[in-house]
Amino acid sequence: MYKASPFINLFLLLLSSPLLSKSLHFQNFTLLTLLTSHNSPKLNKQTTNSTLSIPIYHLNSITNQTKNNTFLLADRINRDSAHVISLTSRIFSSFKQFEPTGFGSDVVSGLSQGSGEYFIRVGVGTPAREQYLVIDSGSDVIWLQCVPCSECYTQTYPIFDPSKSASFSSLACGSWVCHLVSGTSCEGSDDKCRYEVSYRDGSYSNGVLALETLTLGSTTITGVAIGCGHHNHGLFTGASGLLGLGWGPTSFLAQLGGSIGGVFSYCLESRGSGSEAGSLVFGRDEGVPVGAVWVPLLRNSRAPTFYYVGLLGLGVGGVRLPLGEDMFQLSDDGYGGVVMDTGTAVTRLPDQAYGTLRDAFITSTNGLPRTTGVSIFDTCYNLNGYNNVRVPTVSFYFTEGAILTLPARNFLIPVDNLGTYCFAFASSPSRLSILGNIQQEGIRVTFDAANGFVGFGPDTC
């Protein structure tokens, strides 16, 4: 069991970085530019049998995006907005006795408007054939496109052919996995367990449930329950499917069980850092960074897939803002709360909380030239011609005294090549708050699902 430290100022560890000054409340921010494209992904790094660590790739890397930066931002925000709406709809639909299909519910992954943000490369079958899967902490499903495919979208690697895998085994309707997940069916005379995963935009994947061997780095994992999709529809750019890492019973984490101690972690590189965008690590020994500070996870019985954290307040420039703690509270009936999500890019906050945070940031940056808003960002600055600027810190106040203070690159982001930077927070369409991946960049985030804690560690990407 991990005990939460009474205080954390995580990014004091990064004071030597040019992005931070030696002040605790203000920092010098060296301006960055967006890259027009990323290099091609590197080959998987070799790992030892005791280490399950694999590189993460960003969407732009595997699709070789060469569009202008304004278009790339618009594309990302469009996907992100659709994801937030879908995630919110999924959580709240469970309050209305909605009966979803597939692995317990419709998948929420950011896939519905193109693809998720972050991918890993996984070997599927025997012999292993590489596929890109979206990593999604808000889903309990593992699925990929399979041959024969009467309806399939375009993906980076050839579509997986189970007939060429010696380890592929379809699951029968009487299997425990078929009974464990909801929304499965046993139509047809072949006794195969069938699944269907549906999305809010009408996209879907359906096929058969099976046991298969997955290879991550040099580690081979046998008997993983996956969905083998023979009918797939949607704009799933680049990805072969999805690797669900949620808190539910059919996620990849749950299936690994005691072999990794119920622990996984990830570290997402800052934007534009290269083809590899971080690392994903499974296992207690390797996944728990030295110096991590732990915050209790909260379980929402109405949405058990998601990882909730107890957030008490926000701060700007070292000053805690006048916000009631109940604004972020997860209620007894499952409303509100704060979800940590790899599939959401921009952190969303309830209207009042966002407005208070934004206004405090504007007041503390009144010497910087403002410009018109861009997309969902209503607070932007024209920093063309500046080499660096001085901006206040932004902090999250968690339960048990933990404080996470972000570097400027995690909340002031470039949105074009003209020197426009925007404050990377936005209003939530509901009482739900979502801690997005932009704010998580450069942090080793560790989920100890077995003991119910999330850890924030130093930059180990």
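Residues numbered from 1 in each chain as written. Predicted model: local features only at pLDDT ≥ 70, side-chain atom pairs only at ≥ 80, totals over all residues. Heavy atoms only, no water.

### Topic: the overall build of the protein chain
Turning to step 1, where the next piece is worked out: A count of helices and strands for the protein chain gives seven helices and 29 strands.
Turning to step 2, where the next piece is worked out: Buried residues in the protein chain amount to 60% of all 461 residues.
Turning to step 3, where the next piece is worked out: Considering only residue pairs separated by 6 or more positions, the protein chain has 72% of its internal contacts joining residues 24 or more positions apart.
Turning to step 4, where the next piece is worked out: Accessible surface computed for the protein chain: about 17300 Å², of which carbon and sulfur atoms make up 53%. (Helix = DSSP H or I, 4+ residues; strand = E, 2+ residues; numbered from the N terminus. Buried < 20%, exposed > 50% of the residue type's maximum accessible area, 1.4 Å probe, protein only. Contact = heavy atoms within 4.5 Å. Areas by Shrake-Rupley, 256 points an atom, 1.4 Å probe, with all protein chains shown as cover.)

### Notes on the pattern of salt bridges
Turning to step 1, where the next piece is worked out: Scanning the entire structure with this criterion turns up six salt bridges.
Turning to step 2, where the next piece is worked out: One salt bridge connects Glu325 with Arg320, and the closest N-O pair in it is separated by 3.4 Å.
Turning to step 3, where the next piece is worked out: For Glu325, a relative accessible area of 46% translates into the label partly exposed.
Turning to step 4, where the next piece is worked out: One salt bridge in this structure joins Arg358 and Asp378, with 3.1 Å as the shortest N-O distance. On the criterion of sequence distance, the pair formed by Arg358 in helix H6 (residues 351-364) and Asp378 in the loop between strand S19 (370-371) and strand S20 (380-382) is long-range, its members being 20 residues apart.
Turning to step 5, where the next piece is worked out: Arg358 gets classed as partly exposed once you look at its relative accessible area, which sits at 22%. (Salt bridge = Lys/Arg side-chain N within 4 Å of Asp/Glu carboxyl O.)

### Details of the state of the cysteines
Turning to step 1, where the next piece is worked out: Tallying each qualifying case throughout the model produces five disulfides.
Turning to step 2, where the next piece is worked out: Here Cys146 connects covalently by a disulfide to Cys228, the sulfurs 1.9 Å from one another. Taking the sign of the S-S torsion, about -120 degrees here, the bridge from Cys146 to Cys228 comes out left-handed. A residue pair is termed long-range when its members are at least 10 positions apart, and Cys146 in the loop between strand S5 (142-145) and strand S6 (169-170) and Cys228 in strand S9 (residues 219-233) qualify at 82 residues. (Disulfide = S-S within 2.5 Å.)

### Some points on the environment of Ile260
Turning to step 1, where the next piece is worked out: Summarising the element assignment, Ile260 is placed in the loop between helix H4 (252-256) and strand S11 (263-268).
Turning to step 2, where the next piece is worked out: In this structure, the C-alpha to C-alpha distance between Ile260 and Leu52, residues 208 residues apart in sequence, is 9.0 Å.

### Overview of the sheet that holds strand S16 (residues 319-320)
Turning to step 1, where the next piece is worked out: Taking strand neighbours across the sheet as the criterion, the four strands line up as S16-S15-S22-S23 in an open arrangement whose pairing is antiparallel. A single partner strand is all that each edge strand has here, and the edge strands are S16 and strand S23 (403-406).
Turning to step 2, where the next piece is worked out: The sheet strands contacting H6 are strand S15 (311-316) and strand S22 (394-398), and the helix crosses S15 at an angle near 20 degrees. (Pairing = 2+ DSSP bridges. Axes fitted to C-alpha atoms, helices over the stretch in contact; angles between N-to-C directions.)

### Observations regarding the packing of aromatic side chains
Turning to step 1, where the next piece is worked out: In the structure shown here, the tally under the stated rule is 19 aromatic pairs.
Turning to step 2, where the next piece is worked out: Judged by centre distance (5.5 Å) and plane angle (20 degrees), the rings of Phe398 and Phe456 are stacked. Taken together, the residues span a long stretch of sequence, with Phe398 in strand S22 and Phe456 in strand S29 (residues 453-457) at a distance of 58 residues.
Turning to step 3, where the next piece is worked out: Residue classification places Phe398 among the buried residues on the basis of a relative accessible area of 3%.
Turning to step 4, where the next piece is worked out: Pairing Phe423 with Phe425 gives two aromatic rings, centres 5.0 Å apart and planes at 40 degrees, and the pair type is tilted.
Turning to step 5, where the next piece is worked out: Given the relative accessible area of 0%, Phe423 is considered buried.
Turning to step 6, where the next piece is worked out: The exposure class assigned to Phe425 is buried, which follows from its relative accessible area of 0%.
Turning to step 7, where the next piece is worked out: Put simply, the rings of Phe361, Tyr381, Phe396, Phe398, Phe411, Phe423, Phe425 and Phe456 pair up and form one aromatic cluster.
Turning to step 8, where the next piece is worked out: Looking at Arg299, its charged tip hangs above the ring of Trp247, at a distance of 3.8 Å from the centre.
Turning to step 9, where the next piece is worked out: If you follow Arg370 out to its NZ or CZ, it ends over the ring of Tyr381, 5.8 Å from the centre. (Phe/Tyr/Trp six-rings, centres within 6.5 Å; stacked < 30°, edge-to-face > 60°. Lys NZ or Arg CZ within 6 Å of the ring centre and 35° of its normal.)

### Side note on the sheet that holds strand S24 (residues 412-414)
Turning to step 1, where the next piece is worked out: With antiparallel pairing, the four strands of this open sheet are ordered in space as S19-S20-S25-S24. At either end of the open sheet lies a strand with only one pairing partner, and these are S19 and S24.
Turning to step 2, where the next piece is worked out: Across the sheet, H6 lies against S19, S20 and strand S25 (420-423), angled at about 135 degrees from S25, the strand it touches most.

### A word on the confidence of the model for the protein chain
Turning to step 1, where the next piece is worked out: With 72% of its residues at a pLDDT of 70 or more, the protein chain shows a mean pLDDT of 78.
Turning to step 2, where the next piece is worked out: Low pLDDT (under 50) marks residues 1-23, which in the prediction has 65 contacts with non-local residues, meaning those over four places away or in another chain.
Turning to step 3, where the next piece is worked out: In the predicted structure, residues 32-50 sits below a pLDDT of 50 and forms 56 contacts with residues beyond four places in sequence or in another chain. (pLDDT = per-residue confidence, 0-100.)

### With respect to the side chain of Ser251
Turning to step 1, where the next piece is worked out: Counting through the fold element by element, Ser251 comes out in the loop between strand S10 (241-244) and H4.
Turning to step 2, where the next piece is worked out: Within the structure, Ser251 has its side chain in polar contact with the backbone oxygen of Gly248 (distance 3.5 Å).
Turning to step 3, where the next piece is worked out: Those residues in contact with Ser251, other than ones at most four positions away along the chain, are Ser139, Asp140, Gly244, Leu245 and Gly246. (Polar contact = N/O pair within 3.5 Å; in protein donor to acceptor, adjacent residues only side chain to side chain.)

### Details of the nonpolar core
Turning to step 1, where the next piece is worked out: Ranked by internal contacts, the top residues of the largest apolar core, which has 78 residues, are Leu216, Phe252, Leu280, Phe282, Leu314, Phe411 and Phe425.
Turning to step 2, where the next piece is worked out: Among the elements that take part in this core, H6 stands out by supplying five residues, more than any other.
Turning to step 3, where the next piece is worked out: With residues near it in sequence (within four places) discarded, Phe411 still touches Gln27, Phe361, Val391, Pro392, Val394, Leu406, Cys422, Phe423, Ala424, Phe425 and Gln439.
Turning to step 4, where the next piece is worked out: In terms of nonpolar packing, the next biggest core, distinct from the first, is built from 13 residues, Cys178, Cys193, Leu209 and Ala225 among them. (Core = buried A, V, L, I, M, F, W, Y, C linked by side-chain atoms within 4.5 Å.)

### Quick notes on the pairing of S10
Turning to step 1, where the next piece is worked out: The pairing of strand S4 (residues 129-136) with S10 spans four bridges and is parallel. Its bridge partner lying in S10, Asp136 is registered against Gly244.
Turning to step 2, where the next piece is worked out: Note that S5 and S10 share three bridges and pair antiparallel. Across the sheet, residue Trp143 finds its bridge partner in S10, namely Leu242.

### Remarks on H6
Turning to step 1, where the next piece is worked out: With 14 residues, H6 should cover 20 Å at 1.5 Å per step; its first-to-last C-alpha distance of 20 Å lies within 8% of that length.
Turning to step 2, where the next piece is worked out: Turning to H6, its buried residues number three or more, namely Ala353, Tyr354, Gly355, Leu357, Ala360 and Phe361. (Expected span 1.5 Å × (residues − 1).)

### Here we look at unusual backbone geometry
Turning to step 1, where the next piece is worked out: Going from Thr126 to Pro127, the amide bond is cis rather than trans, its omega being 0 degrees.
Turning to step 2, where the next piece is worked out: Along the chain, the position of Pro127 falls in the loop between strand S3 (118-124) and S4.
Turning to step 3, where the next piece is worked out: In this structure, Ser375 is a non-glycine residue whose phi angle is positive, near 55 degrees.
Turning to step 4, where the next piece is worked out: Judged by its relative accessible area of 52%, Ser375 is exposed.

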